[in-house]
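Below, each chain spelled out in residue letters.
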Amino acid sequence: MAKSLPKQKPITGVKQVIVVASGKGGVGKSTTAVNLALGLMANDSSKSVGLLDADIYGPSIPKLMNLKGNPDLSDNNLMIPLTNYGIPCMSMGFLVEDVAPIVWRGLMVMSAIEKLLRQVDWGSLDYLVVDMPPGTGDVQLSITQNIPVAGAVIVSTPQDIALLDARRGAEMFKKVNVPVLGLVQNMSVFQCPNCNHQTHIFGSDGARQLADTLGVQLLGDVPLHLNIREMSDRGKPVVISSPDSPEAEAYKKVASAVVRRLEEVNT
């Protein structure tokens, strides 16, 4: 007799889960996830947003959100997220040393994911943004099979090699019946800070064309900008540190598109 899939169980207190994914590493997925979470809150201050770092082997949220330390435990023995910029965050990076490699086999990774999903006191959240690991492996399947996911955001650069893997990611979510909210075209254009000349370093409109091919929306373009990189490295995401800048507006535009798409898929 075939073993049935695990029954999806919502995360206590969380209304909607948004996963941010990419087929390939190095395309700016974690930076996008952080600024998406902050953009959701910047666009509507009445909304509460949390951030879960599901990238067990390469957790980036502690650095990007300027957080460190071990989470305290609640009276119910649940981990209490660390908070900065009004966003409660949970990451494997809070549970291990900064430079300690996580050399785990699949079962240990799945156990860690289960703890991050079920043993955290998120309080009451309108949105939980999940920064997924790159690829289409065990973690992606475990999360999508165990919790109801409102929608997936796929991040890619316009480069052909990145788009190949982004397509695999989008197709995986379709297979597991997770709505693909759309694609974010990251590092879409570089504007010279001296002469303002624009260069499409990774090609132009590749993600837009892929979105058309897949029949999903392009949620927005985010430029390749020095300010995004510098502020991310300092743990001061641009939506917070430069809220009126064009690059911060790009993330807030993506956040608005995500909310609009969530309303569409839920009606």
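The residue numbering used here restarts from 1 in each chain and proceeds along that chain's sequence as written. Reporting in this predicted model follows two pLDDT cut-offs: at least 70 for local features of residues, and 80 or more for side-chain atom pairs to be given and counted; totals over whole chains, interfaces and linings ignore these cut-offs and use all residues. To obtain the side-chain values, all non-hydrogen atoms of the structure were included, while hydrogens and water were left out.

J.: Hey, could you run me through the overall build of the protein in this one?
T.: Think of it this way: any DSSP run of H or I at least four residues long counts as a helix, any run of E at least two long counts as a strand, and we number them from the N terminus. A count of helices and strands for the protein gives 9 helices and 9 strands. For a compact globule the rule gives 2.2 Å times the number of residues to the power 0.38, and the radius of gyration it is set against comes from C-alpha atoms. Computed over C-alpha atoms, the radius of gyration of the protein comes to 18 Å, within 12% of the 18 Å expected from 2.2 N^0.38 for 267 residues, which places it in the range of a compact globule. Overall, the C-alpha framework of the protein stretches about 55 × 45 × 40 Å when taken along its three principal axes. Note on exposure labels: buried denotes an accessible area under 20% of the residue type's maximum, exposed denotes more than 50%, and partly exposed covers the range between, all computed with a 1.4 Å probe on protein chains only. Split into buried and exposed, the 267 residues of the protein put 51% on the buried side. Within the protein, contacts between residues at least 6 apart in sequence are counted, and of these 76% link residues at least 24 apart. Each accessible area is a Shrake-Rupley estimate made with a 1.4 Å probe; only the visible protein chains count as cover when residues are assessed. With the model as given, the accessible surface of the protein reaches about 12,900 Å², and the carbon-plus-sulfur share is 51%. Here, two residues are considered to be in contact whenever any of their heavy atoms come within 4.5 Å of each other.

J.: For this particular structure, what's the right way to read the environment of A248?
T.: Looking at where A248 falls in the secondary structure, it is placed in helix α9 (residues 246–265). What makes A248 buried here is its relative accessible area of 0%. It is 8.0 Å that separates the C-alpha atoms of A248 and N35, two residues lying 213 residues apart in sequence. With near-sequence residues (within four places) excluded, A248 lies in contact with V238, V239, S242 and P243.

J.: In this structure, what is going on with helix α7 (residues 226–233)? I would like to understand it.
T.: Residues lying three or four places apart along an α-helix face the same way, a consequence of the helix completing one turn every 3.6 residues. Of all the positions in α7, only N227, I228, M231 and S232 are classed as buried. For α7, the angular spread of the buried residues around the axis is 125°, confining them to a single face. Looking at the buried residues of α7, the elements they touch are α1 (29–43), α2 (61–64), β9 (218–224), α8 (238–241) and α9. Note: the arc covers the axis-to-C-beta directions of the helix.

J.: Would you explain α1 in this entry?
T.: The first and last C-alpha atoms of α1 sit 20 Å apart over 15 residues, in line with the 21 Å expected at 1.5 Å per residue. Of all 15 residues making up α1, 13 are buried, and the element is well covered by its neighbours. A helix is expected to reach a length of 1.5 Å times the quantity of its residues less one.

J.: Help me out: how do you make sense of the environment of V27 in this one?
T.: Following the sequence through the fold, V27 ends up in the loop between β1 (14–21) and α1. When its relative accessible area of 5% is taken as the criterion, V27 is described as buried. In the structure, V27 is positioned 107 residues away from P134 in sequence and 9.5 Å away in space, judged by C-alpha atoms.

J.: Help me understand the environment of S156, please; the structure alone is not making it clear to me.
T.: By the element assignment, S156 lies in strand β6 (residues 151–156). The class of S156 is buried, set by a relative accessible area of 1%. It is 18 Å that separates the C-alpha atoms of S156 and V178, two residues lying 22 residues apart in sequence.

J.: What is the right way to read the side chain of D53 from this model?
T.: Inspection of the secondary structure assignment puts D53 in strand β2 (residues 49–53). Among the polar contacts listed, one links the side chain of D53 to the backbone nitrogen of S60, at a separation of 3.0 Å. Once you skip the residues sitting within four places of it in the chain, D53 turns out to touch P59, S60, I61, P62, M90, S91, M92, L116 and D131. Two N or O atoms count as a polar contact when they lie within 3.5 Å, although within protein this holds only if one can serve as hydrogen donor and the other as acceptor, and sequence-adjacent residues are included solely when both atoms are side-chain atoms.

J.: I tried to follow the pairing of β1 on my own but got confused; where do I start?
T.: A regular strand places its side chains on the two faces of the sheet in alternate fashion. Burial runs high along β1: 7 of the 8 residues are buried. Pairing between β1 and strand β5 (residues 125–131): 6 bridges, direction parallel. Residue pairing across strands places V14 opposite L125, the latter belonging to β5. Pairing between two strands requires that DSSP report at least two bridges joining them. Of the strand pairs in this sheet, β1 and β6 are connected by 4 bridges, and their pairing is parallel. Its bridge partner being in β6, I18 is matched across the sheet by G151.

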